[in-house]
Amino acid sequence: MKVRFSDLTLNMPALLLGTACVFATFIQTVVAEPACEVQIDSNDMMQFDKSELTVPASCESVTLTLTHSGKLPAAAMGHNWVLSEYSEMQAISSAGIAAGLENNYLPVDDARVFAATKIIGGGESDVVTFSIADLKGKDLGYFCSFPGHVGIMKGKFIIE
Ligand code: ZN
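Residues numbered from 1 in each chain as written. Predicted model: local features only at pLDDT ≥ 70, side-chain atom pairs only at ≥ 80, totals over all residues. Heavy atoms only, no water.

A. Representation of the pairing of strand E3 (residues 61-68). Burial of E3 is one-sided: the residues Val62, Leu64, Leu66 and His68 facing one way are buried, the residues Ser61, Thr63, Thr65 and Thr67 facing the other way are not. Judged from the six bridges that link them, strand E1 (residues 37-42) and E3 form a sheet pairing that is parallel. Across the sheet, residue Val38 finds its bridge partner in E3, namely Leu64. As paired strands, E3 and strand E6 (residues 125-131) are joined by seven bridges and run antiparallel to one another. For Leu64, the partnering residue across the bridge sits in E6 and is Val128. (Buried < 20%, exposed > 50% of the residue type's maximum accessible area, 1.4 Å probe, protein only. Helix = DSSP H or I, 4+ residues; strand = E, 2+ residues; numbered from the N terminus. Pairing = 2+ DSSP bridges.)

B. Geometry of the state of the cysteines. Counting across every chain of the model gives one disulfide. A sulfur-sulfur distance of 2.1 Å marks the disulfide that ties Cys36 to Cys59. Here the S-S torsion is close to -95°, and the disulfide linking Cys36 with Cys59 is therefore left-handed. Residue Cys36 is found in the loop between helix H1 (2-35) and E1, and its partner Cys59 is found in the loop between strand E2 (52-55) and E3; the two are separated by 23 residues along the sequence. Here Cys36 and Cys59 have matching classes, each one buried. (Disulfide = S-S within 2.5 Å.)

C. Main features of the coordination of the zinc ion. Donor atoms from the polypeptide that coordinate the zinc ion comprise His79 (ND1), Cys144 (SG), His149 (ND1) and Met153 (SD), at 2.0 to 2.6 Å from the metal. What the four donor atoms of the zinc ion show is an angle range of 82 to 127° at the metal, which sorts the shape as irregular. One chain supplies every donor for the zinc ion, spaced along it as H-x64-C-x4-H-x3-M. For the pair formed by Cys144 and Met153, the shared burial category is buried. (Donors = N, O, S within 2.8 Å, 3.2 Å for Na, K, Ca; no water. Tetrahedral: all angles 85-135°; square planar, octahedral: opposite > 155°, others 65-115°.)

D. Just the sheet that holds strand E7 (residues 140-143), in detail. Spatially, the five strands line up as an open sheet ordered E2-E8-E7-E4-E5, and their pairing is mixed. Looking at the sheet topology across the chains shown, the edges are occupied by E2 and strand E5 (115-116). Sheet topology note: the E2/strand E8 (residues 154-159) ladder contains four bridges and is parallel. Paired with Thr54 across the strands is Ile158, a residue of E8. Sitting on the sheet, helix H3 (residues 89-99) touches strand E4 (82-85), E7 and E8, and the angle it makes with E7 is about 35°. (Contact = heavy atoms within 4.5 Å. Axes fitted to C-alpha atoms, helices over the stretch in contact; angles between N-to-C directions.)

E. Structural view of unusual backbone geometry. Positive phi is not limited to glycine here, since Met46 has a value of about 60°. Turning to its location among the elements, Met46 is positioned in the loop between E1 and E2. The partly exposed category is assigned to Met46, whose relative accessible area is 21%. The backbone phi angle of Asp109 is positive, close to 55°, even though this residue is not glycine. Note that Asp109 resides in the loop between H3 and E5.

F. Inspection of the nonpolar core at higher detail. By size, the foremost hydrophobic cluster in this structure holds 27 residues, and its most contacted members are Leu64, Trp81, Phe130 and Phe157. Looking at this core, the elements with two or more residues in it are E1, E2, E3, E6 and E7. No other element matches E3, which puts three residues into this core. For Phe130, the residues in contact, after removing those within four places along its chain, are Ser61, Val62, Leu64, Trp81, Leu83, Phe114, Ala115, Leu135 and Phe157. Within the second largest apolar cluster, seven residues are counted, among which are Val82, Met89, Leu106 and Val150. (Core = buried A, V, L, I, M, F, W, Y, C linked by side-chain atoms within 4.5 Å.)

See below:
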């Protein structure tokens, strides 16, 4: 009896460790991933509903969902979500005007654009997933490249 009791006692830490590992994996799956998924809404008033988006540096990739809760079509009040260096937003937006709506008002294959959704109209949404591995330490901003919108529709993108 004594031997059996002793075996059981020795096994308890291993048993607890096993339970802790399973629990930690569960927490990681349930909690860590949603932090890497961000949402932003736009509207017919030419506004984003957030002026700042923050994601943890531990994210392997970030998934952004852009929604448009207005009613106006993309040709009149279209919005997209574009990520770049904060200082490049105005220049990219200006260059995007000539590219037209068919190119989502963005210069084609422009290396300054780190991520972008398509231009959407009221009631629509779009999702973009991108890696942040090469973006850490940069002064990042996001904006809408629809002509005339960058002055108001912009914000800070923070990796911390
Ligand atoms: Zn816009």
